[in-house]
Amino acid sequence: MALLELYTEYNRVWVPDAEHVWKSAEIMRDFHFGDNVLELLLEDGTEHYYPVDPAKPQLPPLRNPDILVGENDLTALSYLHEPAVLHNLKVRFVESRIIYTYCGIILVAVNPYKQLPIYGDAIIHAYSGQNMGDMDPHIFAVAEEAYKQMARNHKNQSIIVSGESGAGKTVSARYAMRYFAVVSKSGSKTRVEDKVLASNPITEAIGNAKTTRNDNSSRFGKYTEISFDRRYRIIGANMRTYLLEKSRVVFQADNERNYHIFYQMCSCAHLPEFKNLRLLSADNFRYTCMGGDISIDGVDDKKDMEETQRTFSLLGLKEDFQSDVFKVLAAILHLGNVEIRNSGEDKSSVSPSDPHLVVFCDLLGVSAEGLVRWLCHRRIVLVAETVVKPVPKKRAVNARDALAKQIYAHLFDCIINRINTALQVPGKQHAFIGVLDIYGFETFDINSFEQFCINYANEKLQQQFNLHVFKLEQEEYMKEDIPWTLIDFYDNQPVIDLIEAKMGILDLLDEECLFPQGTDQSWLQKLYNYLDANPLFEKPRLSNEAFVIQHFADKVEYQSRGFLEKNRDTLYEELVDIMRASKEEQSTVNSRGVKVRPARPGVKPANKQLRTSVGDKFRSSLSLLMETLNATTPHYVRCIKPNEEKLPFEYDSRRVVQQLRACGVLETIRISAQSYPSRWTYIEFYSRYSILMSHQEADLSDKKQTCKNVLQRLIQDPNQYKFGRTKIFFRAGQVAYLEKLRLDRLRGACVTIQKHVRGWSQRRKYLRMKEAAIILQEYIRGKRTIRKTVSAATLKQGWAAVVIQKHWRGYRMRQIYQVVLLASVTIQAFTRGWMARKRYKTMMEEHKALVLQKYARAWLVRRRFQTMRRLVLNVQLSYRVQQLRKKIEEQNKENRGLVERLTSLASTHSQTVDRLQGVEAQLEKSTSQKASFEAREKKVKEDSSLMIAQLQKEIEVLTLEKQNMEKKFEASTTEAKESFDHVKRNLMDEKENEARLRKIAENNAEIQRQDHEKEVEALKEEIKRLKEERVSLHRKIEEGGQVTSDLQEQVIQLTKHVKVIPELRRDLNNLQNQRNNIDRKMKQQSEQARAKMNEITRQLLGGVVEEEVLLGLTPDDSEKIYEIEDLLAAFEGLQKATRILENHKREQKERYETQLQGLQLKVDHLQNENSELQNLFQEKSNVNENICQEVSRLSSENSVIPELKLQVSELQRQKQELEVRVDEQNRELAEKTEEITNILQRKIKEESSQRRHFEEKAEELEEVKRELQGQVEELKEENDHLKRQQLMESEAKSKLRQETSRLTAENMDFEELLDQKDRLIKKLQNQIKSLESSQKAKQTSAPAIPKDYLGMLEYKREDEPRLIQNIILDLKPKGVVVNMIPGLPAYILFMCVRHADYLNDEAKLKSLMNAIISAVKKVIMSHHKDFELLSFWLSNMYQLLNCLKQYSGEEEFLKQNTPRQKKNCLQNFDLSEHRQILSDLAIHIYHQFITVMEKTLTPAIVPGMLEHESLQGISSMKPTGFRKRSNSIYEDSETYTISSIIQQLSVFHSTMLQHGMEQGLIKQAVKQLFFLVGAVTLNNIMLRKDMCSCRKGMQIRCNISYLEEWLKEKELQSSNAIDTLRPLSQAAWLLQVNKSTDDDAKEITEKCTELNPVQIVKILNSYTPIDDFEKRVTSSFVRKVQSLLQDREGSTQLMLDTDYRFQVTFPFCPSSQALELLQVPSSLHLGFLTRI
């Protein structure tokens, strides 16, 4: 819809006004294009004609509907313009007393000039963790958003706080820093967050002062970086300052003060630590009394000084440093009082005896003579000489003031540096949040260099702000897939270029400052010359000492006077030298050495630092600041000053609109209004405007498409809206148009309802009047007729006629009466007889019917019972089939495991076969080697025989020479003997080696025998394991046969299960066939392997060992080799055979090699002998003898070989015996395995027979089913005549089916528990039977002595850790036994305590009690978040405490005990101290228990109690503006409801009941939870204006009623839990009640007794109408309520303390449990405890 069409009758607009800026008016007549005037009616009743250009109509801005006024976010307004923003802020600030408002990304904060209760720790915790749009606007919400974005996006953040002086910038920055300090506790001992907050009082003391606009005005800019670590806890901070107002040190205007620190020091001048400073009152110092008033209302300078000193100490700045700071500050004050006198023309002087001068020089340690001289003189350096020139008084005073300013400025920098050093903590910075507290745009009557720099900084910040807003707007459009069109926004880059560009204002100013003779006028002339063409620069018409700059906010005229001096910021070099001398003389001032620039900049041109001007410094620091801000995510806080008089909650529209224009709020509005400012989610639009939908549109399931259809129908111009992915974007005014349509529809509906109601009322009134008129007419007309007809004669005649009639009628009536009496008696006689006969007949029929009914009902009951029994049997059968199917599946799994095992055995068997083949190949190779060795041996023997023959021939030849060589050979004979002895020793060593080898062989045989024995033992263990498996299988089969359960399921499931049985049988048969095939294959393979092994062993050992040994190595029983153990045994036999063969070959090889080596040596030796001793025959004869000896030795060695063979045969015989024994064991094992397989087959046959039985049962059930179906059909035919009963029965049946389906699901779980209990009962019965049998046996053997248990449990001291471990540390609260007997662990522990007391063993008793307490503490600490475990141990600790009280023997606890319980009291020890410790422990568990429940319940409270709409059709939806809820309650995802809260409470309650918790404790816990629900809900109402509406009050009261019903259902009304919801209930009532008259105010004060005045006023101020039919709460009504609540006493806190805990009490409740009857269940594994 076009905007022009909205200017219709009754709509309202804003027109300009000189006093209020804008005022409201109502359109009297529709405006049409071409009209030249708009007829308006002002609010005061006067008519106003607004002129309009017909060609281009510029109409006044439209006013928003009242429904949109007072919104949290200005962007939620339909019409976005200046008057709408101004009016919305006024309504919130003046009427609702709300100081914070969102404007897109900006938080607008209006200074209330009053302390408000909205900054406590409770408020901080309420905003912590919340999304920005969920709560009312607040500085804490901005801080939380910055903190959350830093943690989520890992990016640095900045909070930019700006505004005029007195707008509240410093306070806002302080609250933001306080929020970070509270929510990000460092947890360290350094308390960094406290130090960060402590820096504020110091910086305010040295940098803040009273001005005409603000009592605590910051006279410098400050950017504080708060550093965070990786866990986002504060680890430090850093502060940067900008443009300190130094001129305030020496000059203050009227009603202004110097910096606070001077007045704080003067107020403490009488204190001992300040005596040496020789301070006076602030009235007596020139620098502190210029403004006139030295005090501030409501400020105690003395207390502030104490706070400053405390924060100095907290930051670690020691007293020495503080003393030095105070000395410098005192010196500045005394310097200001130094009197400079005129000493003639252009001369000045200072008295050397000036007391203030003496104090100044004494405090700073400077030369008084030098200071006096250079204050009044100036040194001029010329080319050839240096001239000292006196200066007039004015120049001297300026020099004194410049010195004071420089000292203070450098002291300020020094303190800031020391604060930064104190705030630096070791640790790496992960991220930071910067808080910028900087001056806003300023324009005064006289604007100088300070205002120029301030406005320059604001230009830069405004440019950054515009770019950021533009970027966010573009991102929003791109996220919603809305076509982006370029928005024209104000770019202030030309102004910035005018100031900082080359040849700009600052550049020309710095250039002029370089000239010693430069003046303000010459610089101004340059500006006129260079910048005259710039449209943003103007020359004033009436002044030649000023210039005008067109800033983004307004035009500002600057006076050029003082610009150069302030930019130079110079000080005479002589004074600088004096201050430098002070550093040398006094080391304590070293940190405050004044480093200033001399007045002659041209003297030292090489030093760039000296050429830097104030403007250049400020430009550099501002550039650095902008780089920092651009690298962070900014958050904007714009502080607004509502009035100049500092009056609380007074609103000056002219001042506010001026600041809104200056701070960029209206620029944000303008950017938003250019495109699509109003944005609604589809769900919000559907909920709000469903009244405008037709029935066909409302029936659509796709709400998004429904919204599109409705909007296209209502607004014809598609350019007025856009459909995004999640939102609908509207042009300005379209939401107002939709609201108008909605209001028209509602108004039309109201008119229709009123029409019909009024018509009905008038018709009813008319009919009553008509009836009354008719009655009156009848009465009057009757009177007239009577008067006309009545006379005396007629009266007599009438009377006579009446008498005659009377007698005649009497006679006739008597006659008739007699006749009627006779007839009546006759009729009665016959009738009574007939009735008696009929009654008799009826009685007989009833009697017969009763007899028939008796038999019929008996037959029906029997038939129903049989049907039910069949159904139960069917269900049992189906369950058993299920169990059998499970077991069959398990058996299938086992069979599959066996198959896998067989396949693995087959694979191993194939591997063994491969190994055997490899061994066979090796054996073949060894036989070939054997043959080659034998051939070589034969060849060697032949060669040796030939050699022997040749030697014999040579011996015969040489015998002749022997005689001639005897003498010569005597020496050689001795050598031969020695060599013979050596050979003999070698032979002896070889014999010993052979003996050692024989022993090793024997040891190996022994080891092999031991290995065989171990194998036999392993086989025995395998047999044992198989027996255990058989027993376990037997047990499983028995358990499968014993399964009996009474579950109810449908017959159809049974048939399905029955159909599966043949398939299972086929699977079993297939598995059996597979197993038989595998056994057959294994048997064949084993036989082949056996045959092959026999062949291999015979081939290997055929020529080596005897036939008997061969028979021992090869097993005879071929049927048993298919077992894996037998295969391994056969393989081992094969290995043994190969080992024997290898040993034999090795021995033969060694023997042959020794023979060959001996012979070769002999041959070599003989050849050498022959070559060397050819003529020595005697020597060769000796050699011959040696050879003979060697031959004899060899023959003797050959005689030893048979002995070794005999030993080998003995070993083989032993081995054969072992193998025979192993074969016997294998046969036994095979027999047992056959038995097991037979048993299994028998069981399988039994199962198959059972399956057949089940199939028969299934067929019977099928027949029964068909019968039942026939009966059902008959019943249906009969029930056709009783339709109503049938409907009722069908409903009952459906409910019963649902109930039965639910019960069957529950019964499944119960049956499992019952089975466990049945098994436990059977176990216990068996134990009882065994005990009874043993008891009977004892009774037969000994005289009967009945056992009388004493209710004690005996345990050994060393079993105490086991007791604690089993009953406390390892006990789970979900056990069956534990839940059957609540408090069982407590009873068991107390019975152990009683036994220790019975034994009078103090050490054991103390040890047990300490162990119990320590173990419970350990369990609670390790499971501090486990709700069930906390509930369990709270119940048991309470029970144990009650037992200690009940059996303590104290009179107050014995009243309800039985005589036996009195007898069981503790006898020897007083456990009152332990009772106190247990009570403290129980209180700790209770508080932890409450904490866990609260953490579980808290997330559901606000969504369930406030956001969920439990009353359907009552919607409190309103537009939410830019700050949409990120966790909106209107999303399609699952949300919490009141049912969620009730369900969670039910879970808590059922768990406590299950653990046997005492009812009093349950009531206390429920009361605490209800208090939490009420407190959290009420706190959210206080902080959420959108929840303060009449409809929301209805929702809250409905939810409270649900909670009250839950209490009644659980019988917890006596807990007084509902009383904790009284504040919430009264708040809901307050939202619903009328709020307009004096009686309403009185009623509110009388009924809202649980709410304090602050809360009542907050609710009234936050009340927000949802529709135009509701009325706002007027400010006058709020003031009435406040006046009535003045005398009420109570808390002044806005928020309820959600951490408050009601005092818990543990009432004594004696137990009726008899300790002597209590038995310890075996499932607790406490067998070491003995009942006494």
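Residues numbered from 1 in each chain as written. Predicted model: local features only at pLDDT ≥ 70, side-chain atom pairs only at ≥ 80, totals over all residues. Heavy atoms only, no water.

Draft legend 1. Geometry of the overall build of the chain. A count of helices and strands for the chain gives 47 helices and 25 strands. Burial statistics for the chain: of 1732 residues in total, 44% are counted as buried. A fraction of 74% describes how many contacts in the chain between residues 6 or more apart in sequence connect residues 24 or more apart. As presented, the chain carries roughly 93700 Å² of accessible surface, and 52% of it is formed by carbon and sulfur atoms. (Helix = DSSP H or I, 4+ residues; strand = E, 2+ residues; numbered from the N terminus. Buried < 20%, exposed > 50% of the residue type's maximum accessible area, 1.4 Å probe, protein only. Contact = heavy atoms within 4.5 Å. Areas by Shrake-Rupley, 256 points an atom, 1.4 Å probe, with all protein chains shown as cover.)

Draft legend 2. Main features of the sheet that holds strand 23 (residues 727–730). Strand order in this open sheet of 3 strands is 21-23-22, and the pairing throughout is antiparallel. Bordering the open sheet on either side are strand 21 (678–681) and strand 22 (721–723), each of which pairs with just one other strand. Strand after strand, the sheet turns through a mean of 20° between neighbouring axes, direction not considered. Here strand 22 pairs with strand 23 via 3 bridges, running antiparallel. Within the sheet, the bridge partner assigned to F723 lies in strand 23 and is I728. (Pairing = 2+ DSSP bridges. Axes fitted to C-alpha atoms, helices over the stretch in contact; angles between N-to-C directions.)

Draft legend 3. Representation of the pattern of salt bridges. Counting across every chain of the model gives 36 salt bridges. As a salt-bridge pair, R619 and D510 come within 3.7 Å of each other at their nearest N and O atoms. Of the two residues, R619 sits in helix 20 (residues 614–630) while D510 sits in helix 15 (residues 505–513), which places them 109 residues apart along the sequence. Comparing R619 with D510 shows no difference in burial state: the two are buried. (Salt bridge = Lys/Arg side-chain N within 4 Å of Asp/Glu carboxyl O.)

Draft legend 4. Highlighting the pairing of strand 1 (residues 12–17). As defined by bridge partners, strand 1 adjoins strand 2 (residues 21–27) across 6 bridges and the pair is classed as antiparallel. Counted as the bridge partner of V13 is A25 from strand 2. Where strand 1 folds back on strand 2, the antiparallel hairpin that results is connected by 3 residues.

Draft legend 5. Looking closely at a nonpolar patch on the surface. A cluster of nonpolar side chains, namely L776, Y779 and I780, defines an oily patch on the protein surface of about 340 Å² accessible area. The class for I780 is partly exposed, based on a relative accessible area of 44%. (Patch = residues over 30% accessible without salt bridge, like charges linked within 9 Å, V, L, I, M, F, W, Y side chains within 5 Å.)

Draft legend 6. Looking closely at helix 45 (residues 1638–1647). Along helix 45, the residues that are buried comprise D1640, A1641, I1644 and T1645. Summarising the axial view, the buried residues of helix 45 lie within an arc of 135°, below the 170-degree limit, and thus occupy one face. Away from its buried face, by an angle of more than 90 degrees, helix 45 presents the exposed residues D1639 and E1646. Those residues of helix 45 that are buried are in contact with helix 44 (1622–1632), helix 46 (1653–1662) and helix 47 (1675–1684). (Arc of directions from axis to C-beta.)

Draft legend 7. Spatial organisation of the packing of helix 42 (residues 1559–1583) against helix 44. Between helix 42 and helix 44, whose axes approach to 8 Å, the crossing angle comes to 35°. For the element pair helix 42 and helix 44, the recorded crossing hand is left-handed. Residue-level inspection shows G1574, T1577, L1578 and I1581 of helix 42 in contact with helix 44, the latter providing P1623, L1624 and A1627. Here the contact of helix 42 with helix 44 is composed, by residue class, of 5 nonpolar, 2 polar and no charged. (Left-handed = near helix turned anticlockwise from the far one by under 90°. Nonpolar A, V, L, I, M, F, W, Y, C, P; charged D, E, K, R; others polar.)

Draft legend 8. Local environment of unusual backbone geometry. At V21, a residue that is not glycine, the phi angle is positive and equals roughly 70°. Within the secondary structure layout, V21 lies in strand 2. Residue N1400 is not a glycine yet carries a positive backbone phi of 60°. With respect to the helices and strands, the residue N1400 is situated in the loop between helix 36 (1384–1398) and helix 37 (1402–1422).

Draft legend 9. Up close: the nonpolar core. Counting residues in each nonpolar core, the largest one holds 345 residues, and the members touching the most others are F180, I261, F360, Y408, F547, I1368 and L1603. Setting aside chain neighbours within four positions, we find L1603 in contact with M1505, I1538, I1541, I1542, L1545, F1570, V1573 and L1621. (Core = buried A, V, L, I, M, F, W, Y, C linked by side-chain atoms within 4.5 Å.)

Draft legend 10. Seen up close, a negative patch on the surface. A cluster of like negative charges, contributed by E1224, E1228, E1231, E1234 and E1235, occupies part of the molecular surface. Secondary-structure assignment places E1224 in helix 32 (residues 1177–1279). (Lys, Arg positive; Asp, Glu negative; His and termini not counted. Charge placed at Lys NZ, Arg CZ, Asp CG, Glu CD.)

Draft legend 11. Expanded view of helix 8 (residues 301–314). With 14 residues, helix 8 extends 20 Å between its outermost C-alpha atoms, agreeing within 8% with the 20 Å of an ideal straight helix rising 1.5 Å per residue. Every buried residue belonging to helix 8 is among D301, M305, T308, Q309, T311 and F312, and all of these are buried. Seen along its axis, helix 8 keeps its buried residues to an arc of 165°; they face one direction. You can read the cap of helix 8 off the contacts: a side-chain oxygen lies 3.1 Å from the backbone nitrogen of K302, and it is on D300. Note on helix 8: the residue one or two positions beyond its end, G316, has a positive phi of about 85°. (Expected span 1.5 Å × (residues − 1). Polar contact = N/O pair within 3.5 Å; in protein donor to acceptor, adjacent residues only side chain to side chain.)

Draft legend 12. Structural context of the environment of Y737. With respect to the element layout, Y737 can be found in helix 26 (residues 734–789). For the pair Y737 and L714, spaced 23 residues apart in sequence, the C-alpha separation works out to 9.6 Å.

Draft legend 13. Seen up close, the environment of N1652. The topology assignment puts N1652 in the loop between helix 45 and helix 46. Each C-alpha atom, one on N1652 and one on L1694, is 8.1 Å from the other, the two residues being 42 residues apart in sequence. When neighbours within four sequence positions are excluded, N1652 is seen to be in contact with S1691 and Q1693. Within the local environment of N1652, its side chain forms a polar contact with the backbone nitrogen of Q1655, the two atoms lying 2.8 Å apart. From its side chain, N1652 meets the backbone oxygen of Q1693 in a polar contact 2.9 Å long.

Draft legend 14. Here's a closer look at the packing of aromatic side chains. One pass over the structure, following the stated rule, counts 38 aromatic pairs. Looking at K539, its charged tip hangs above the ring of Y528, at a distance of 4.9 Å from the centre. Between the NZ or CZ atom of K1567 and the centre of the ring of F1702, over which it lies, the distance is 4.7 Å. (Phe/Tyr/Trp six-rings, centres within 6.5 Å; stacked < 30°, edge-to-face > 60°. Lys NZ or Arg CZ within 6 Å of the ring centre and 35° of its normal.)

Draft legend 15. Representation of the sheet that holds strand 2 within the structure. The strand order across the open sheet built from 4 strands is 1-2-3-4, with neighbouring strands paired in antiparallel fashion. This sheet does not close on itself; its edge strands, each paired only once, are strand 1 and strand 4 (47–51). On average, adjacent strands in this sheet sit at an angle of 50° to one another, irrespective of strand direction. Lying on the sheet, helix 1 (residues 82–95) is in contact with strand 1 and strand 2; it crosses strand 2 at an angle near 100°.

Draft legend 16. Quick peek at the side chain of T633. Tracing the backbone shows T633 in strand 20 (residues 633–640). Residue T633 is classed as buried on the basis of its relative accessible area, which comes to 16%.

Draft legend 17. Examining the side chain of D437 more closely. Note that D437 resides in strand 16 (residues 431–439). This buried residue, D437, is left without a salt bridge; K222 holds the nearest opposite charge, at 5.0 Å. Only 3.3 Å separates the side chain of D437 from the side chain of T170, close enough to count as a polar contact. When residues no more than four places from it in sequence are discounted, the contact partners of D437 are V161, K169, T170, A173, S218, F220, G221 and K222.

Draft legend 18. Spotlight on the confidence of the model for the chain. Across the chain, the average pLDDT comes to 78, with 76% of residues at 70 or higher. Considering only residues more than four positions removed or in separate chains, one finds that residues 1103–1110, a stretch of pLDDT under 50, has 12 contacts. (pLDDT = per-residue confidence, 0-100.)

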